[in-house]
Amino acid sequence: MIAFVLFLAISTSPRDQVRNAETAFAKAFADQDYDKFFSFVANDAQFIQRNGTVLNGRDAVVQRWGEMFKMKSAPFSWRPEHVAVTDNGRLGWSSGPVFDENGIQIGVYTSVWEKQVDGSWKIKFDGPGTPPPFEEGFIPTADGVKLHYRKIGHGRPTVIVPLEYHLWDAMSKLANNDRATVISYDLRGRGRSSMTDAISIQNDVKDLETVRKFFNVDRFVPIGFSYLGLMVAMYTHDHPDRVARVVQIAPLAPQRPERQIKPPDDGAAPKALVEKRDALVKSGAHQREICEADAKVFAYVLVGDPSRADRIPVRCDYENEWPDNVGKTFTLLMSSEPVTFTADDLKNDTAPALIIHGTKDRNAAYAGGVAWSKTWPNAKLVTIEGAAHGVLWEEPDTVMRAIRDFIAATSE
């Protein structure tokens, strides 16, 4: 057994070892596996409670936490989101969200792990982290899907951003100093929202209206990235009285005959990264591992300058984002009825539109951004020279400044 543990420790990085230990610790709690859960707790562990009291030592932890294993189900859950390890690989730090039984975030945890002689990891310190500064929950749709959302800020205007899991970190900053209220939500089948076969761009439009109604927002600024640039245009056309302004980031073109959203190649990704990903796929590795490897390759497709590939975040925490599930979602999405717009179609849609597009976009050609600027009756095109589809991460200061200045002119 010791040899097996040592093999696992050698075959994965210390950071992954800590993440795996925290994940297994959380799973043991969710499964109500008493013996396995407490096997992770060091004899001299210190568990800090929310009221400030400290459970000193493993026996005290067992006595207090053991009560929760008498319940029908675990009263809460958690997952590691941030992990760091000391240079010598002996101490690890983990932090992430804590959820109630309904999947609503209720707090943040932090923990410290220590590597043992046999290569395993045991938890030494555990306690609450800083509470999130945002509201979080789920929005039910008419067909039974639950859309996960986060909301931050109290200012005007209200901004609604689909694709929360990927865009929250950037877009939530629009609420700084209460300059706006930002609502972001995961699309059906993405992030923490429900998986469903009822996926189409038309349903995405309906979901955006469901989100608006849920928060009782009168007029707002929708922000759409990639194909969602087309989706927010569809929403604006269907609900012109609800849209104060509209933002499109690297949008699909208003006239787009092809339905596939597929990069032509692996960009300038290093051969070693491509081969590693392909080997994982061929070996049938875990979907999360494939997701992380593929994301590192795909980052090179999303940037115009290969040196910026490390600016593209890796987002593989949720099963909905793993390759098999994302592939299914996009297959369903691509079966949607194609939508096109001409200048005549949008002649009465007078809400100001901001289009931000990079000139080296492989996924949604820059010509599409130019076309939108000529299709909307009141449009401004911001061209980012040399950037590609991941323009938001390649040139975050330029993109976010353009959006802030644009929405600041919103009158409500």
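As a reminder, the structure under discussion sits directly above these lines.
All values derive from a computational prediction rather than experimental measurement.

K.L.:
Honestly, the sheet that holds strand 14 (residues 353–358) in this entry has me stumped. Any pointers?
P.N.:
What links the strands of a sheet is backbone hydrogen bonding, and the strands pair in either a parallel or an antiparallel sense. Spatially, 8-9-11-10-12-13-14-15 is the arrangement adopted by the eight strands of the open sheet, whose pairing is mixed. If you trace the sheet from one side to the other, it starts and ends with strand 8 (135–140) and strand 15 (379–384), each paired once. When the angles between neighbouring strand axes are averaged without regard to direction, this sheet yields 20°. Looking at chain direction, strand 14 and strand 15 are connected through six bridges and run parallel. Pairing of H357 across the sheet is with T383, part of strand 15. Against the sheet, helix 5 (residues 164–171) makes contact with strand 9 (146–152), strand 10 (158–162), strand 11 (181–185), strand 12 (221–225) and strand 13 (246–249), and its axis sits at roughly 5° relative to strand 9, the strand it touches most. Docked against the sheet, helix 11 (residues 366–375) engages strand 13, strand 14 and strand 15, running at close to 160° with respect to strand 15.

K.L.:
Help me understand the pattern of salt bridges, please; the structure alone is not making it clear to me.
P.N.:
Opposite charge on two side chains permits them to pair, given that their charged atoms come into close proximity. Here the structure, examined in full by the defined rule, presents 24 salt bridges. Salt-bridge contacts for E67 lead to K70; the nearest nitrogen and oxygen are separated by 3.2 Å. Using a relative accessible area of 43% as the deciding quantity, one classes E67 as partly exposed.

K.L.:
Mind showing me how you'd approach the side chain of K124 here?
P.N.:
Mapping K124 onto the fold places it in strand 7 (residues 121–128). In this structure the side chain of K124 is engaged in a polar contact, spanning 3.5 Å, whose partner is the side chain of E114. When neighbours within four sequence positions are excluded, K124 is seen to be in contact with A42, D44, A45, Q46, V112, W113 and E114.

K.L.:
Would you explain the packing of helix 8 (residues 271–283) against helix 9 (residues 287–302) in this entry?
P.N.:
Their axes nearest at 9 Å, the elements helix 8 and helix 9 cross at an angle of 150°. The angle between the axes of helix 8 and helix 9 places the two elements in the roughly antiparallel class. Note that helix 8 runs across helix 9; the crossing there is left-handed. Mapping the contact onto sequence places L273, V274, R277, L280 and V281 in helix 8 and E289, I290, A293, D294, K296, V297 and Y300 in helix 9. Classifying every residue of the contact of helix 8 with helix 9 gives eight nonpolar, no polar and four charged.

K.L.:
Looking at this model, I keep getting lost on the pairing of strand 6 (residues 105–115). Mind explaining?
P.N.:
For a regular strand, side chains alternate in direction, first toward one face of the sheet and then toward the other. Relative to strand 6, strand 5 (residues 91–100) is paired through nine bridges, and the arrangement is antiparallel. Each bridged residue has a counterpart across the sheet, and for G92 the counterpart in strand 6 is W113. Where strand 5 folds back on strand 6, the antiparallel hairpin that results is connected by four residues, among which G103 adopts a positive phi of roughly 85°. Of the pairings in the sheet, the one linking strand 6 to strand 7 comprises seven bridges and is antiparallel in character. Residue pairing in the sheet places T110 in a bridge with G127 of strand 7.

K.L.:
Which parts of the structure should I look at to understand the packing of helix 6 (residues 201–214) against helix 7 (residues 227–238)?
P.N.:
Helices that pack against each other are described as a pair by the angle of their axes relative to one another and the distance between those axes. The interhelical angle for the contact between helix 6 and helix 7, taken along N-to-C directions, is 65°, at an axis separation of 9 Å. Note on packing geometry: the crossing formed by helix 6 with helix 7 is right-handed. On helix 7, the residues touching I201, Q202, D204, V205, L208, E209 and R212 of helix 6 are Y227, L228, L230, M231, V232, M234, Y235 and D238. A per-class count over the contact of helix 6 with helix 7 returns 10 nonpolar, one polar and four charged.

K.L.:
Sorry, what's going on with the packing of aromatic side chains here?
P.N.:
Two aromatic rings are characterised by how far apart their centres lie and by the angle between their planes. For the structure shown, the criterion picks out 29 aromatic pairs. With 5.4 Å between their ring centres and 40° between their planes, F29 and W78 make a pair best called tilted. Placement of F29 in helix 2 (residues 14–30) and of W78 in strand 3 (residues 76–78) is noted, with a sequence separation of 49 residues between them. Judged by its relative accessible area of 0%, F29 falls in the buried class. With 5.0 Å between their ring centres and 80° between their planes, F214 and F215 make a pair best called edge-to-face.

Definitions and limits used
Residues numbered from 1 in each chain as written. Predicted model: local features only at pLDDT ≥ 70, side-chain atom pairs only at ≥ 80, totals over all residues. Heavy atoms only, no water. Pairing = 2+ DSSP bridges. Helix = DSSP H or I, 4+ residues; strand = E, 2+ residues; numbered from the N terminus. Axes fitted to C-alpha atoms, helices over the stretch in contact; angles between N-to-C directions. Contact = heavy atoms within 4.5 Å. Salt bridge = Lys/Arg side-chain N within 4 Å of Asp/Glu carboxyl O. Buried < 20%, exposed > 50% of the residue type's maximum accessible area, 1.4 Å probe, protein only. Polar contact = N/O pair within 3.5 Å; in protein donor to acceptor, adjacent residues only side chain to side chain. Parallel < 35°, antiparallel > 145°, perpendicular 65-115°, else oblique. Left-handed = near helix turned anticlockwise from the far one by under 90°. Nonpolar A, V, L, I, M, F, W, Y, C, P; charged D, E, K, R; others polar. Phe/Tyr/Trp six-rings, centres within 6.5 Å; stacked < 30°, edge-to-face > 60°.

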